[in-house]
Amino acid sequence: MHGPHGAGSVLKRRTGWVGNLERRKDQVGQPGQVGRSGRVRRLGTPLGITAAVTGAFAYVGTVDPNEPGHYPVCPLLKLTGVFCPGCGGLRSAHAFVTGDLGAAFSANAIATAGYFLFAAVWVLWLVRAWRGQPLRIALAPAWWWGVGAVLLVFTVVRNLPFGSALAP
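Below, the structure is looked at part by part. (Residues numbered from 1 in each chain as written. Predicted model: local features only at pLDDT ≥ 70, side-chain atom pairs only at ≥ 80, totals over all residues. Heavy atoms only, no water.)

1. A look at the overall build of the protein chain
Of regular secondary structure, the protein chain possesses eight helices and zero strands. Across the 168 residues that make up the protein chain, the buried fraction comes to 20%. Contacts in the protein chain between residues far apart in sequence, at least 24 positions, make up 52% of those at least 6 positions apart. Within the structure as shown, the protein chain displays about 12000 Å² of accessible surface, and the carbon and sulfur contribution to it stands at 67%. (Helix = DSSP H or I, 4+ residues; strand = E, 2+ residues; numbered from the N terminus. Buried < 20%, exposed > 50% of the residue type's maximum accessible area, 1.4 Å probe, protein only. Contact = heavy atoms within 4.5 Å. Areas by Shrake-Rupley, 256 points an atom, 1.4 Å probe, with all protein chains shown as cover.)

If you want it as structure tokens, here you go:
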């Protein structure tokens, strides 16, 4: 039932939310018409994520994880003595923020590579949001299995005597 008493109208009045069907109806006959508020709204999520990541990195850059007592110990390391793929990530982030890329790679090479990958995906996301295009990164299952295999090999090698260079 559409109209002033329809199910969607209350939601629309109270929250300003417009469903996909109504959004498509509104866009018919208006190709290429992009308002400033629409562009700002599209950029809101990537910029919000940037603010959150920047805040987290600023905190880790300010509060040194190399000094004991500031952060909790990795539970896997504490219980088993085994380095997980994330062990050394805070030290890596701290070194990255302070500009010491060598120490960042030494603390956790996977995390440091992840920072650069995140930056590249974020730039792609921002450009696509600016153009009004969705960010769609569809990876085949083989890619996910590959990522898992890399993380598993990284974890095993960093815990072996010959892979001590990868240990934090």
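Now that the structure is up, let's keep going.
2. Brief notes about the environment of alanine 109
Its place among the elements puts alanine 109 in helix α7 (residues 109–131). Spatially, the C-alpha atoms of alanine 109 and proline 85 are 9.5 Å apart, while their sequence positions differ by 24 residues. Residue contacts for alanine 109: discarding those within four places in its chain leaves Ala104 and Phe154.

3. Let's talk about the packing of helix α5 (residues 89–97) against α7
Any two packed helices are characterised by the angle at which their axes cross and by the distance between the axes. Look at α5 against α7: their axes get within 9 Å of each other, and the N-to-C directions meet at 55 degrees. Looking at the two axes, α5 sits oblique to α7. For the element pair α5 and α7, the recorded crossing hand is right-handed. In this structure, α5 contributes Gly89, Ser92, Ala93 and Phe96 to the contact, and α7 contributes Ala111, Thr112, Tyr115 and Phe116. Per-class residue counts for the contact of α5 with α7 are five nonpolar, three polar and no charged. (Axes fitted to C-alpha atoms, helices over the stretch in contact; angles between N-to-C directions. Parallel < 35°, antiparallel > 145°, perpendicular 65-115°, else oblique. Left-handed = near helix turned anticlockwise from the far one by under 90°. Nonpolar A, V, L, I, M, F, W, Y, C, P; charged D, E, K, R; others polar.)

4. Quick look at α5
Every buried residue of α5 is accounted for by Gly89, Ser92, Ala93, His94 and Ala95. Just downstream of α5, glycine 99 is the residue with a positive phi angle, here 90 degrees.

5. Observations concerning the state of the cysteines
Enumeration according to the criterion identifies zero disulfides in this entry. Note on cysteine 74: no disulfide assigned, nearest cysteine sulfur contributed by cysteine 87 at a separation of 3.5 Å. Judged by its relative accessible area of 21%, cysteine 74 falls in the partly exposed class. The cysteine cysteine 84 is free of any disulfide, with cysteine 87 supplying the nearest cysteine sulfur at 3.6 Å. (Disulfide = S-S within 2.5 Å.)

6. Concerning the packing of aromatic side chains
Tallying each qualifying case throughout the model produces five aromatic pairs. Consider the rings of phenylalanine 96 and tyrosine 115, whose centres lie 5.0 Å apart with planes at 55 degrees: the pair is tilted. Within this pair, whereas phenylalanine 96 is found in helix α5, its partner tyrosine 115 is found in helix α7, the two being separated by 19 residues in sequence. Owing to a relative accessible area of 25%, phenylalanine 96 belongs among the partly exposed residues under this scheme. Ring geometry for phenylalanine 96 and phenylalanine 116: centres 5.5 Å apart, planes at 80 degrees, overall edge-to-face. (Phe/Tyr/Trp six-rings, centres within 6.5 Å; stacked < 30°, edge-to-face > 60°.)

7. Observations concerning α7
The end-to-end C-alpha distance of α7 is 34 Å, a good match for the 33 Å that 23 residues give at a rise of 1.5 Å each. The residue sitting at the N-terminus of α7 and contributing the capping side-chain oxygen is asparagine 108; that oxygen lies 3.2 Å from the backbone nitrogen of isoleucine 110. (Expected span 1.5 Å × (residues − 1). Polar contact = N/O pair within 3.5 Å; in protein donor to acceptor, adjacent residues only side chain to side chain.)

8. Quick word on a nonpolar patch on the surface
Taken together, the side chains of Leu124, Ile137, Leu139, Trp143, Trp144, Val147 and Leu151 make up a nonpolar region of the molecular surface, amounting to roughly 700 Å² of accessible area. Of note, tryptophan 143 is situated in helix α8 (residues 141–158). (Patch = residues over 30% accessible without salt bridge, like charges linked within 9 Å, V, L, I, M, F, W, Y side chains within 5 Å. Salt bridge = Lys/Arg side-chain N within 4 Å of Asp/Glu carboxyl O.)

9. Here's the deal with the environment of valine 121
Of note, valine 121 is situated in helix α7. Looking at valine 121, the relative accessible area reads 28%, which means it is partly exposed. Between the alpha carbons of valine 121 and leucine 135 there is a distance of 9.2 Å; along the sequence they are 14 residues apart. Look past the residues within four positions of valine 121 in its chain and what remains in contact with it is Leu135 and Ile137.

That is the geometry; function is a separate question.
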